[in-house]
Amino acid sequence: MTLEESKIRLIMELRREGISDAAVLGAIERIPREIFIPAPIKTFAYDNRALPIGAGQTISQPYVVAYMTQALKLDDRCKVLEIGTGSGYQTAILAKLARRVYSIERHKSLSEEANARFKQLDLHTISTRIGDGSKGWPEQAPFDRIIVTAASEDVPEQLLEQLAIGGIMVVPIGPQEGTQHIFRFTRTEEGIEPERMLPVRFVPLIESEARDSA
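These lines cover the structure that appears in this document, whether it is placed above or below. (Residues numbered from 1 in each chain as written. Predicted model: local features only at pLDDT ≥ 70, side-chain atom pairs only at ≥ 80, totals over all residues. Heavy atoms only, no water.)

**A closer look at the overall build of the protein chain**
Thinking step 1. What the protein chain contains, in helices and strands, is 6 helices and 9 strands.
Thinking step 2. Computed over C-alpha atoms, the radius of gyration of the protein chain comes to 16 Å, within 12% of the 17 Å expected from 2.2 N^0.38 for 214 residues, which places it in the range of a compact globule.
Thinking step 3. Taking the principal axes of the C-alpha coordinates as reference, the protein chain spans close to 50 × 40 × 35 Å.
Thinking step 4. Summed over all atoms, the accessible surface of the protein chain reaches about 10,100 Å², with 49% contributed by carbon and sulfur.
Thinking step 5. When the 26 basic and 30 acidic side-chain charges of the protein chain are each reduced to a single mean position, those positions are 4 Å apart. (Helix = DSSP H or I, 4+ residues; strand = E, 2+ residues; numbered from the N terminus. Rg over C-alpha atoms; globule rule 2.2 N^0.38 Å. Areas by Shrake-Rupley, 256 points an atom, 1.4 Å probe, with all protein chains shown as cover. Lys, Arg positive; Asp, Glu negative; His and termini not counted. Charge placed at Lys NZ, Arg CZ, Asp CG, Glu CD.)

**Let's talk about the packing of helix H1 (residues 3-16) against helix H2 (residues 22-30)**
Thinking step 1. Packing of H1 against H2 leaves a shortest axis separation of 10 Å and a crossing angle of 160°. The orientation of H1 relative to H2 falls into the category roughly antiparallel. Both H1 and H2 take part in a crossing whose hand is right-handed. Packed against H1, whose contacting residues are Lys7, Ile11, Leu14 and Arg15, the element H2 presents Leu25, Ile28 and Glu29 at the interface.
Thinking step 2. Partitioned by chemical class, the residues of the contact of H1 with H2 number 4 nonpolar, no polar and 3 charged. (Axes fitted to C-alpha atoms, helices over the stretch in contact; angles between N-to-C directions. Parallel < 35°, antiparallel > 145°, perpendicular 65-115°, else oblique. Left-handed = near helix turned anticlockwise from the far one by under 90°. Contact = heavy atoms within 4.5 Å. Nonpolar A, V, L, I, M, F, W, Y, C, P; charged D, E, K, R; others polar.)

**Concerning the pattern of salt bridges**
Thinking step 1. Evaluation of the coordinates by the stated rule reveals 7 salt bridges.
Thinking step 2. Asp47 is paired through a salt bridge with Arg9; the nearest N and O atoms lie 3.4 Å apart. Here Arg9 lies in helix H1 and Asp47 lies in the loop between H2 and strand E1 (51-54), a separation of 38 residues in the sequence.
Thinking step 3. Residues joined in a network through salt bridges with shared partners are Arg9, Asp47 and Arg49. (Salt bridge = Lys/Arg side-chain N within 4 Å of Asp/Glu carboxyl O.)

**Thoughts on the packing of aromatic side chains**
Thinking step 1. Applying the stated criterion across every chain, the model contains 5 aromatic pairs.
Thinking step 2. Centroid distance Phe36 to Tyr89: 5.5 Å. Interplanar angle 70°. Geometry classified as edge-to-face. Of the two residues, Phe36 sits in the loop between H2 and E1 while Tyr89 sits in helix H4 (residues 89-95), which places them 53 residues apart along the sequence. With respect to burial, Phe36 and Tyr89 carry one shared label: buried. (Phe/Tyr/Trp six-rings, centres within 6.5 Å; stacked < 30°, edge-to-face > 60°. Buried < 20%, exposed > 50% of the residue type's maximum accessible area, 1.4 Å probe, protein only.)

**Let's talk about helix H3 (residues 62-72)**
Given 3.6 residues per helical turn, the α-helix brings residues three or four places apart onto the same face.
Thinking step 1. With respect to burial, H3 is a largely interior element, 10 of its 11 residues being buried.
Thinking step 2. One or two residues past the end of H3 sits Lys73, with phi positive at roughly 55°.

Listed below in structure tokens is the structure:
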């Protein structure tokens, strides 16, 4: 099966699993996941599973990427903060759907590789920085949408403070060993409305820069 055939199979699988947002499916179809995958495992690019990308990190399962992106309810006016650039795959999907994406990564090596991929794909609406994602990007706040691609043990209050009125944050919450769930938080004039969603398994959100960032 060719990569293109594998991609078509994946899109059909995502539809069967409840991903109904045509814009999200279109973004997944347009972004070549294979360029975000290490060379020895490129043939698995369109398998619906997480894959290792180096620095002890993974590129998320396509279904989880699609689910979290759909949960954000994006439009082309949104200013988005992403915590955990990783390979840059989720970032690239967001860039196809939002006005501007700000992405923070702990690992310098991953951030540099992701930026090279953004340049290759001619994606110019992404700004990145290396640092502690748990603190967010206060100089650019407020954000219309925030997505966290690592699990927080508790509600990340510093990130919620950077969410605009009417904004949405999607984040996995739970212990490193145990049950985690994706939560969606919506900020209203009255406060924060939480919604528990999909059970997941993510690497932990760590409150520091990685040592390779020096």
